[in-house]
Every structure is written in structure tokens, then in C-alpha cells.
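Chain by chain, the residues run as shown.
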Amino acid sequence: MTGPASQVNMMGYGNFDQITGGIHFRLRARTFIVAESFNGPRLVFVNLDAGMASQLVTIKILERLKSRYGSIYSEENVAISGTHTHAGPGGYLQYVTYSVTSLGFVPQSFEAIVTAIELSIVQAHDNLKPGSIFINKGDLENAGINRSPSAYLFNPQEERSKYNTNIDTLMTLLKFVDGDTGKNIGAFSWFATHGTSMSRNNKLISGDNKGAAARFFEDWFTKNSFTKSTKVLGTLSGSNQDLLNRTSKIKPTGGQPCTNTTSQGFKVRKNKEMKFVGAFCQSNVGDVSPNVVGAFCIDSGLPCDFNHSSCHGNDQLCVGRGPGYPDEILSTKIIGERQFQKAVDLFTSAKQELTGKIDYRHVYINFTNIKVQLEDNKVVQTCPAALGPGFAAGTTDGPGVFGFQQGDTEINPFWKKLRDVLRKPSPYQVDCQKPKTVLLDSGEMLWPYPWAPAILPIQIFRLGSLTILSVPGEFTTMAGRRLREAVKDTLIRSGNGEFDDQTHVVIAGLTNAYSQYITTFEEYEQQRYEAASTLYGPHTLSAYIQEFKKLAESMAKGENITAKGPTPPDLLSIQLSLLPNPTGDSPPPGINFGDIKQDIIVPKSGTFTKGDRVIAIFFSANPRYDLLTEGTFAVVEMLQRQSWLPEYDDDDFCLFFKWQAENITGIARDDVNSYGYATLEWEVPEEASPGVYRLRHFGSTKETKESSNSYYTGASSAFTVS
């Protein structure tokens with residue numbers, strides 16, 4: 001589901017300058033389907049390497065599934081959940097707030113995600129077979145840190161004393177086993193940590209730490225399950241000089257035409273050959289950061305202000321540090337490896353089999369006006385969506401706008417005037433959102449179409465003793481704990497013994513739609529980033545708990561829900577798309593796309609070793625002409641006998657595809673060439689075999705906006721790895 005690798009704003013940080021410029025590794029949709037029998041109740045869970053789910057994506061997926069399968073799949077039994085990577089292309093959500101930085105809707109980004117989800121579900125549907133599911137749980141203590149610890153302290157001491165940490169460290173894993181062969185075929189796990197190991201300055205598409213964990217898990221399984229055929233390699237011992245002499249004679253190929261599917265043959269991991277699916281799903285991630293070293297001032301190196309996460313009042317100077325600091329790629333790898341290693345431990349030791357019913361409940365709710373009855377019988381109400389000044393301050397993972405701090409409840413006159421130009425909040429909204437001061441009255445802004453969602457889905461899945469709560473947002477640690485406890489208590493109390501203390505409850509965050517954050521009532525008081533981004537006012541969590549308890553009671557009693565709630569709007573037909581499409585590329589005179597601009601620079605020793613970076617730069621057209629889905633823009637080839645065979649592609653953690661435009665003016669003139677450069681960087685991994693290699697680039701181009709695509713490839717000169 002890897003979207004456009006150039007010129008599209010990334011979803012997550014809200015940074016206008018964070019525009020895609022290549023691929024760290026590819027994004028995927030991973031799906032499991034579970035059914036009691038082939039004709040019995042079933043449910044679908046999709047895990048996306050994306051910032052979050054999108055209501056519009058969910059609507060269109062359900063339409064496609066209905067056209068394929070009739071009534072088998074619906075909003076009732078399909079959950080689509082994002083990992084929360086902040087390094088994927090944006091422009092696929094339908095509300096204005098979430099598409100401002102991407103200059104509106106990006107059809108190519110949207111279609112890449114929808115198509116991948118559809119095909120992933122189709123594959124799972126076609127592969128449905130008898131099998132078993134095992135569940136295991138364990139603590140992972142070094143992959144997350146609370147980025148708003150002062151807000152967490154606002155929660156009652158009596159409540160906090162029930163827990164050892166201010167984050168949830170529990171990972172819950174499902175192990176899927178083929179019933180006919182006994183072979184392991186997949187694992188899905190839930191664990192809370194933000195997809196922000198890659199910073200707001202990163203330009204490479206990446207699944208961040210959860211996508212990395214999935215890549216490591218799937219590769220680990222393949223490596224440990226299948227014996228690869230022995231490679232025939234040129235030996236370096238005794239004939240080093242001969243090999244170097246041979247290598248020096250293999251020059252760049254130059255740009256050459258190829259077909260639109262050629263790159264697919266060079267992809268190392270082909271879907272039809274993948275034997276195992278490992279997914280790392282998101283949970284109540286709201287206040288959990290992977291930057292576990294802590295937040296420090298970039299000017300002084302001292303810890304940031306505890307209450308506001310700022311430095312001398314400046315939010316932009318306070319930045320969280322990952323375990324690989326200052327190398328964000330290394331931080332991504334380390335946090336991914338920690339989740340992967342814990343998942344392997346749980347996977348290999350899983351013994352408890354899930355048995356029992358498959359069941360589900362789903363309802364749509366207008367979250368802008370829910371009447372909530374509190375424990376003291378006081379009735380309160382949620383509000384139309386709004387964002388406070390703490391939202392503009394950003395977080396230690398990605399600082400926001402200068403002039404704001406987390407915890408702000410005042411807005412300076414300049415920003416207040418600018419706010420009022422967009423929409424002055426109504427007196428009702430001002431009062432309803434207190435103590436939040438309304439900076440952006442998104443819930444009352446409807447031009448050119450709504451800025452924030454009002455109608456949201458909530459959903460419960462049951463797989464025997466496991467209950468999955470699908471929530472359309474980011475619950476903080478304590479908010480998630482309260483929701484889980486309330487649902488579990490309701491199931492036990494209403495279930496006539498069918499549910500007990502051994503019932504497992506997990507939260508699947510950022511699922512089916514997106515509505516930002518959900519804090520506790522107490523955390524809302526401080527108005528840090530998460531509270532300022534809690535759209536529907538101070539009683540948002542209480543509303544979720546109330547409505548989820550209704551679903552849980554219905555499930556426990558075996559009752560159907562007759563009132564499904566209002567249908568969310570489909571705004572596809574009125575989306576604005578202001579990002580221009582590329583208008584056609586042409587290389588400089590005498591140059592073909594795929595030609596080398598800068599060939600590999602061989603070290604003085606004449607050979608590369610483990611950990612070295614091999615770099616080549618190619619003349620290249622805009623990657624937006626064709627996403628090369630199930631293909632690759634970059635390949636490391638190895639010479640085996642007389643053939644070049646692919647060893648690594650742009651889905652590998654060690655190979656980077658970077659793209660940068662050159663002379664892209666947007667003006668159609670005969671004397672202006674429109675083209676770019678593709679930089680391929682291979683960090684030679686420890687497991688790389690000694691031998692002869694080269695780098696290869698694939699791409700697509702158009703001469704004009706209306707012309708058809710043509711495809712090209714080119715390879716660097718050869719080099720040796722010892």
C-alpha cells in the first residue's frame with residue numbers, strides 16, 4: 001500500500017515541509033479473518049502501515065466488499081486499524097483538518113491504501129481454512145515512555161497506585177496455526193507506542209517502528225522455516241585480485257526501456273511466496289512515545305520543562321530522543337527490534353488456545369451531543385469538535401508552532417484574531433469545552449465541507465475469551481485502562497458466567513475512522529497536547545465508556561442492537577485536490593532516464609565491508625507516474641554464475657531509495673527539462689554474502705501529462721563485498 005514517493009505531504013506531524021522524497025521500506029496492509037465455520041459468524045481485522053484509519057477509506061472498502069461478497073462483510077464485522085506511522089503519504093482522510101497540509105485530497109494516496117486493503121482481505125478470504133489461535137501476553141518495558149507525565153499525575157493517586165508504570169507495557173499476541181498441516185501462518189500483536197521514531201524532518205516513506213517490527217518478524221520466520229538453496233559465489237580467498245579485476249570491467253548499463261511489470265520480477269518478497277504474516281497493531285497510544293531516552297532542550301542539552309515540555313517557553317526547542325539518537329533510522333530499528341523480539345518470545349511460548357464464540361457489535365454515534373450520566377447521576381454532555389492552543393504546541397515527538405506551549409489555556413491577540421477570521425466559536429462551544437480554550441472550532445466549521453467528524457463508529461469483536469475494542473482515536477494510557485476495565489466488568493456482570501477474570505480485553509486504536517485524542521477528565525484539566533486534541537470536550541472519555549458498556553452488555557446477553565445510529569457522510573465527491581499532478585518529464589539532452597549521474601565510489605581498499613554505504617545516483621523521472629506496487633524502485637543485485645539475481649529491494653531495511661526533483665518548474669517550455677535524481681543507498685548488512693554486486697533502479701515516465709507511461713531501468717557498475 002506504498003503511496004506516492006515524492007511531493008506528497010506526510011500524515012502525522014502536520015508539517016507542511018515534510019514532503020515524501022523516497023522510500024525507507026514499503027508499507028503494507030495485513031489481514032486476518034476468523035470464522036466459527038465456513039458458514040458461521042466471521043470477523044475481519046486489517047492492520048495498516050498508515051497514520052490512522054480513515055472514515056472515507058472504510059466506506060469505500062465496505063462498498064467494494066459488498067460488490068464482491070454480498071452481505072458477508074459489513075461495517076459490523078470489518079475493522080481497519082492504523083499503526084500510526086508518521087512517515088506515510090497523507091491526503092486520504094475526508095475532513096479538512098486532516099488534509100490541510102497535504103493541500104487537500106490526494107487520489108493516488110487514497111487509491112493505494114484502498115486497493116491494498118481490498119486485495120489483502122481477498123487473499124485472507126481465499127485462504128480461509130480450519131485452524132487454531134493461541135493467545136499470549138507479556139510485558140515489554142523499554143519501547144515506550146510517557147510523553148505527558150505531568151498530565152498523568154492529574155489522575156487520582158488511588159487509581160495510579162494500581163499500576164507500576166505510567167504507560168501500558170503489556171503486549172498481547174495472537175498466534176495463527178494451520179489446522180491441516182500444523183504450520184504457523186501468522187501472528188498479530190497489540191502494543192502501545194507511537195509511530196514517531198522517524199522525526200518530523202524525515203522525507204522517506206516508512207512503516208516506522210511497528211512496520212520495522214513486522215518486517216523483522218516475517219523475515220525471521222522465513223529464515224527459520226525454510227532452508228535457502230546454497231548460492232554459487234565468486235570466492236574472495238586466493239583470488240581477490242582476479243575478482244577485483246573482473247568487477248572493474250562491469251560498467252553501468254545506461255538507461256534502458258523495460259515493461260511495466262519488469263520490476264516485479266526483481267522484488268525479493270513476493271506476496272504469492274510469503275508463508276507468514278506478522279502484524280504489530282496499535283493500542284491506547286495517546287501519551288506513549290518511542291523516544292525512550294527522554295525529552296531534552298536542543299540548545300542546552302538539559303531536560304525540558306516538566307509541565308509544558310518547552311525550553312525557556314519555546315516549544316520548538318524541546319525534542320524527544322530515541323535510543324539511537326541522533327540517528328532516527330537506528331532508533332526506528334531498535335524500537336522495532338524490541339517489539340519483534342518480545343513478539344517472538346510470546347509466539348514461541350504461546351500455549352493457551354482461544355476457543356468459543358465469534359461475535360461482534362457495532363454502532364455509529366454522533367459524538368457532538370451525547371448525554372452522559374456520571375457516577376453521581378449528574379448528566380453532562382459532549383461538545384462539537386474543537387482544538388485548543390496546546391494542540392498547536394505539538395509534542396516532544398514533533399514540536400508545533402512557535403508561540404504555543406502545552407498546557408496553554410490562553411490565546412494571544414494575534415492568534416485569536418486569526419481564529420475568529422476562520423470561525424469565532426459560539427458561546428455554547430466556549431462554555432462546553434472549558435477548561436480548553438477554543439483555538440480551532442473545527443466542529444462548527446463546515447466550509448467547503450466539514451473540518452472534523454461528528455459521527456463515529458465504535459465496535460467490539462469477540463474471539464472466544466479475547467475482546468477487541470475498535471476505537472476511532474488515540475486513548476491515553478489511563479483512558480484506555482478505564483475503558484478496558486469498564487468493558488470487562490460489564491461483560492462479567494452481564495454474561496451469566498460466560499465471561500470471567502480470564503477474559504482478555506485489548507484496545508485497537510485508530511480504527512475505522514479518526515478523531516484525534518481521548519484523555520481522562522483529570523488529564524483534560526491540564527490541557528497538554530493530548531487534552532487540547534480531545535475533540536468533544538472534557539466528558540469525551542465518559543461518553544466512550546457509556547456507549548461501549550451498552551455494546552458489551554448487548555454482547556454478553558446475546559442481544560442484537562436494533563438502533564445502528566446515524567450514517568457518517570461520504571464526502572468523496574466534494575473533496576478538493578490542490579496538489580498538482582506531474583505534467584511530464586524529460587531528461588537533459590543526450591541522457592536517458594536510468595543513466596548514471598554519479599557512479600559508485602569504491603573505497604581505497606577496492607572492496608566494501610559490512611556496515612559500509614554503497615551509493616549511486618541515477619537520472620530519474622517522478623515516482624508519482626507509477627507507484628510500482630508489488631514492484632520496486634531500487635534493487636541490489638548479486639552476480640551468481642553468469643546471472644544477476646536480486647538480493648535486496650526497496651522493501652528492505654538496509655536499502656534506501658531517495659528521490660529529489662531538479663528543474664521542476666511547473667511551466668511547460670521547450671527549453672526546460674523536467675526530471676529528478678534517484679539516489680540508491682545500500683548499507684551493507686551483517687548477513688550479506690561476500691561477492692560481486694551492483695545497484696539497479698526502476699522507474700516510469702511520461703513525456704506529457706496526457707501521454708501513456710513508459711518504463712525504464714538502469715544499473716550501476718559492479719563492486720565487491722568482502
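Residues numbered from 1 in each chain as written. Predicted model: local features only at pLDDT ≥ 70, side-chain atom pairs only at ≥ 80, totals over all residues. Heavy atoms only, no water.

Chemist: Can you walk me through the sheet that holds strand β16 (residues 352-353) in this structure?
Modeler: Working definition: the strands of a sheet are paired by backbone hydrogen bonds and lie parallel or antiparallel to each other. If you trace the five strands from one edge of the open sheet to the other, you get β12-β10-β9-β7-β16, paired in mixed fashion. The open sheet terminates on both sides in strands that have one partner only, identified here as β12 (277-281) and β16. Bridge count for strand β7 (residues 131-139) against strand β9 (residues 170-178) is nine bridges, and the pairing is antiparallel. By the bridge assignment for β9, S132 is matched with V177. Docked against the sheet, helix α5 (residues 208-225) engages β10 (184-190) and β12, running at close to 155° with respect to β12. (Pairing = 2+ DSSP bridges. Helix = DSSP H or I, 4+ residues; strand = E, 2+ residues; numbered from the N terminus. Contact = heavy atoms within 4.5 Å. Axes fitted to C-alpha atoms, helices over the stretch in contact; angles between N-to-C directions.)

Chemist: I'm lost on the pattern of salt bridges in this one. Help?
Modeler: Counting across every chain of the model gives 39 salt bridges. Among the salt bridges present, the one from D178 reaches K129, with a minimum N-O distance of 3.3 Å. In this pair, D178 sits in strand β9 while K129 sits in the loop between α2 (107-126) and β7, placing the two residues 49 residues apart along the sequence. Accessibility expressed as a relative area gives 7% for D178, which makes it buried. (Salt bridge = Lys/Arg side-chain N within 4 Å of Asp/Glu carboxyl O. Buried < 20%, exposed > 50% of the residue type's maximum accessible area, 1.4 Å probe, protein only.)

Chemist: Please explain α5 as it appears in this structure.
Modeler: The periodicity of an α-helix, 3.6 residues per turn, causes residues three or four positions apart to be oriented the same way. For α5, spanning 18 residues, the distance from its first C-alpha to its last is 26 Å, which sits close to the expected 26 Å at 1.5 Å a residue. Within the span of α5, buried status applies to D208, N209, K210, G211, A212, A213, A214, R215, F216, F217, E218 and F221. Among the structural elements, β3 (29-35), β10, β12 and α7 (328-349) are those in contact with the buried residues of α5. (Expected span 1.5 Å × (residues − 1).)

Chemist: When you look at the packing of aromatic side chains in this model, what are you seeing that I'm missing?
Modeler: What describes a pair of aromatic rings is the distance from one ring centre to the other and the angle between the planes of the rings. Taken as a whole and judged by the stated rule, the model has 37 aromatic pairs. Plain terms: the ring middles of F221 and F276 are 4.1 Å apart, the flat faces sit at 15° to each other, and that makes the pair stacked. Here F276 lies in the loop between β11 (256-258) and β12 and F221 lies in helix α5, a separation of 55 residues in the sequence. With a relative accessible area of 9%, F221 lands in the buried category. You can call F276 buried: its relative accessible area is 2%. Directly above the aromatic system of Y677 lies the positively charged group of K597, at a separation of 4.9 Å from the ring centroid. (Phe/Tyr/Trp six-rings, centres within 6.5 Å; stacked < 30°, edge-to-face > 60°. Lys NZ or Arg CZ within 6 Å of the ring centre and 35° of its normal.)

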